[in-house]
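Letter by letter, the chains look like this.
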Amino acid sequence: MKFNSIIFQRDTLQSNIIRNLLGERVVDLTEEYFPVSTGEGSFLSQIFNLGKRFIGFTIGLIIKGIRWTFADLWDVVVEAYFEVKYFDWNQTDDNLKSELARNDEMISGALGRLTGTSLAWLTGIAVSTGLSFKYPVLSGKVALALAEEGGQEIRSAITNLIIVSRQAAVRSMLLGGLLNARKLEIFGFKPVTTQRKPWTLNDAIETTIKKLPSGSLQAFATQAFDAFEDAVIEMGYVVAYTLDDFYLSQRRASQSVLGQERTIELTPDVRVPDERIILESPQELAITATQSAIVSHQLIHNRDVGQIAGMPERDYVSPMPQRRKLKVIFRGKETPPWTTPDGKISKTVEVNIPDIKYGLTWQELKNTVKSYTWGKYQVTAHLSNGRQMRVFAVSYKEGEEQCYEYIKLSTAEILRFHHGVAATDHPDPKQRKIPTRVYPAYATLTAGDVKANGQLNSKKKAKTRVDLWVDEEPDNADDLR
């Protein structure tokens with residue numbers, strides 16, 4: 001068999017291009033305002049959601065990707081404070097509505113910038129990636145360069161949209177609140193339809209200070225108020241940074257030295273997508289845990305773990321040593337995983353067929369062993385080789401029919417049948433013979449080290465397990481011969 005060499009280059013891998021395009025998965029707004037690094041942020045990533053109440057479209061998906069810290073929250077409070085301080089409370093209702101409309105236009109403009117930037121860069125990256133199949137080296141490098149630069153441009157546009165939305169949301173909250181207060185005539189507000197002289201809180205404070213009797217008192221009051229305002233703002237940032245550092249240190253202390261906890265969903269057998277193994281371990285142990293799970297699955301895949309030989313001990317002693325024996329396992333489901341929807345293990349039934357003939361094929365085994373209804377009626381077939389074959393079925397007739405089918409795979413013949421009925425009121429529910437439809441799951445062929453004359457050479461045994469629930473012939477089907 002000839003194998004063609006395949007050369008992988010890092011620049012041509014689409015995963016590398018996408019990773020450079022995405023960059024950081026989370027937008028950290030602290031870098032836009034504060035040069036001091038605040039780590040990974042705090043648990044307040046969902047607090048600021050005010051913008052959704054005042055704009056005509058949803059920016060929730062963007063806000064979920066932001067790291068919000070206490071410093072960010074205090075920054076919003078400071079912005080809101082200065083907005084209230086210098087806000088003209090005598091504006092007419094029409095002016096307030098115009099301001100609200102302009103806020104929506106600002107957000108729409110930022111969104112348009114993000115859309116245009118993303119469309120242009122993503123189109124270029126897609127074209128370069130598509131050409132990499134024909135020109136792998138050059139196109140791969142072009143796509144990688146576009147991904148690096150385009151990722152920065154797109155993230156910058158996203159950050160701009162977030163900042164504009166936040167600022168507009170704070171102002172829209174103030175404008176909308178004042179409009180609603182005037183409309184409902186609460187807190188002494190009434191609708192304003194005529195133009196009035198502008199009035200702000202800052203003007204009111206300055207007017208009050210100017211009424212003081214002397215210039216010294218006015219200077220003292222002005223500086224005291226400004227200093228108090230600056231001190232409160234700085235004190236808020238100190239508290240915010242301290243809280244951010246505290247929560248960051250707590251998070252890092254709680255993390256294991258082996259890395260972040262990871263969850264891996266493993267499908268050991270690709271033919272059975274529903275049978276999955278869920279592994280949870282620190283990142284440093286994830287690879288070892290995955291390898292151990294795969295190795296364990298490979299070790300027990302062809303072994304009857306937990307199965308007990310279904311033939312009486314006298315069958316191994318009285319007759320001559322057996323060269324080939326087949327054990328067929330039936331399950332209460334057609335395909336793995338062998339569990340019911342409520343999480344219980346499905347019914348397991350086994351039938352032992354002694355002295356299997358040579359030259360047995362998987363297709364012949366598949367055509368012979370069919371699903372049937374398991375039940376309380378026991379049919380024991382006494383064979384010409386001195387052994388027995390036992391089947392539990394829903395009736396004596398069906399049990400005998402199953403025996404006649406199975407004996408086609410053996411070199412022995414059926415001499416007679418013995419019938420019996422198992423108890424249906426067993427204290428253990430698992431032991432009760434309740435009629436159940438069972439399906440062939442797999443078969444295990446055990447070949448003993450026996451001479452042609454029937455003498456036992458050694459106690460060595462070779463086992464071969466083949467799946468019967470699949471529709472296509474397994475790779476090890478030839479071992480049945």
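The model shown is predicted, which means the values in this text are computed figures rather than measured ones. (Residues numbered from 1 in each chain as written. Predicted model: local features only at pLDDT ≥ 70, side-chain atom pairs only at ≥ 80, totals over all residues. Heavy atoms only, no water.)

What follows is about the overall build of the protein. When helices and strands are tallied, the protein shows 12 helices and 12 strands. Residue burial in the protein is summarised as follows: out of 481 residues, 36% are buried. Long-range contacts, defined here as pairs at least 24 residues apart, represent 70% of the contacts in the protein between residues at least 6 apart. By element, 56% of the accessible surface of the protein is carried by carbon and sulfur atoms, the whole surface being about 29,100 Å². (Helix = DSSP H or I, 4+ residues; strand = E, 2+ residues; numbered from the N terminus. Buried < 20%, exposed > 50% of the residue type's maximum accessible area, 1.4 Å probe, protein only. Contact = heavy atoms within 4.5 Å. Areas by Shrake-Rupley, 256 points an atom, 1.4 Å probe, with all protein chains shown as cover.)

Any segment with low pLDDT has predicted coordinates that should not be analysed in fine detail. Per-residue confidence for the protein gives a mean pLDDT of 75, with 74% of residues at or over 70. Low pLDDT (under 50) marks residues 313-317, which in the prediction has 8 contacts with non-local residues, meaning those over four places away or in another chain. (pLDDT = per-residue confidence, 0-100.)

All right, on to the sheet that holds strand β9 (residues 388-393) then. Read across the open sheet, the 3 strands follow the order β9-β8-β10; overall the sheet is antiparallel. Two strands in the sheet have a free side with no partner beyond their single neighbour: β9 and β10 (414-421). In this sheet, adjacent strand axes meet at a mean angle of 20 degrees when their direction is disregarded. Relative to β10, strand β8 (residues 377-383) runs antiparallel, the two being bridged by 7 bridges. Along β10, the bridge assignment pairs Ala381 with Phe417. (Pairing = 2+ DSSP bridges. Axes fitted to C-alpha atoms, helices over the stretch in contact; angles between N-to-C directions.)

What follows is about the pattern of salt bridges. For the structure shown, the criterion picks out 8 salt bridges. Close ionic contact of Asp467 with Arg271 constitutes a salt bridge, the shortest N to O distance being 2.9 Å. Highlighted residues: Asp467 in strand β12 (residues 456-467) and Arg271 in the loop between β3 (261-266) and β4 (277-282), separated in sequence by 196 residues. Of the charged contacts, one joins Lys408 and Glu405 as a salt bridge, the two residues approaching to 3.3 Å between their closest N and O atoms. Judged by relative accessible area, Lys408 falls into the partly exposed class, the value being 49%. Counted as one network, the salt bridges with shared partners bring together Asp269, Arg271, Arg465 and Asp467. (Salt bridge = Lys/Arg side-chain N within 4 Å of Asp/Glu carboxyl O.)

The description of two aromatic rings rests on the distance between their centres and on the angle between their planes. In the structure shown here, the tally under the stated rule is 6 aromatic pairs. The interplanar angle of 85 degrees and the centroid separation of 5.3 Å between the aromatic rings of Phe330 and Tyr372 together place this pair among those described as edge-to-face. Of this pair, Phe330 sits in strand β5 (residues 324-331) while Tyr372 sits in strand β7 (residues 372-374), placing them 42 residues apart in sequence. Take Phe330: its relative accessible area is 0%, and that puts it in the buried class. Look at Tyr372 and you get buried, because its relative accessible area is 0%. (Phe/Tyr/Trp six-rings, centres within 6.5 Å; stacked < 30°, edge-to-face > 60°.)

In this fold, Arg432 is placed in the loop between β10 and β11 (436-450). Judged by relative accessible area, which is 31%, Arg432 ranks as partly exposed.

A separate point is the nonpolar core. Among the nonpolar cores identified, the biggest contains 41 residues, and Leu326, Phe330, Ile353, Leu365, Tyr372 and Tyr406 are the most heavily contacted of them. Of all the secondary structure elements, the ones that give two or more residues to this core are β5, β6 (348-354), α11 (362-368), β7, β8, β9, α12 (396-406) and β11. No other element matches β11, which puts 5 residues into this core. Not counting chain neighbours up to four residues away, the residues in contact with Tyr372 comprise Phe330, Val349, Val351, Val391, Phe392, Ala393, Glu398, Gln402, Tyr406, Thr436, Arg437 and Val438. (Core = buried A, V, L, I, M, F, W, Y, C linked by side-chain atoms within 4.5 Å.)

With that settled, the discussion passes to the environment of Trp338. Take Trp338: it is sitting in the loop between β5 and β6. For the pair Trp338 and Ala441, spaced 103 residues apart in the sequence, the C-alpha separation amounts to 9.4 Å. Contacts of Trp338, omitting those with residues within four sequence positions, involve Arg331, Lys333, Lys344, Ile345, Ser346, Ala441 and Trp469.

Attention now goes to the side chain of Thr373. Structurally, Thr373 is set in strand β7. Within polar-contact distance, the side chain of Thr373 engages the side chain of Arg437 at 3.0 Å. Sequence-distant contacts of Thr373, that is, excluding residues within four places in its chain, are made with Ala393, Val394, Glu398, Pro435, Thr436 and Arg437. (Polar contact = N/O pair within 3.5 Å; in protein donor to acceptor, adjacent residues only side chain to side chain.)

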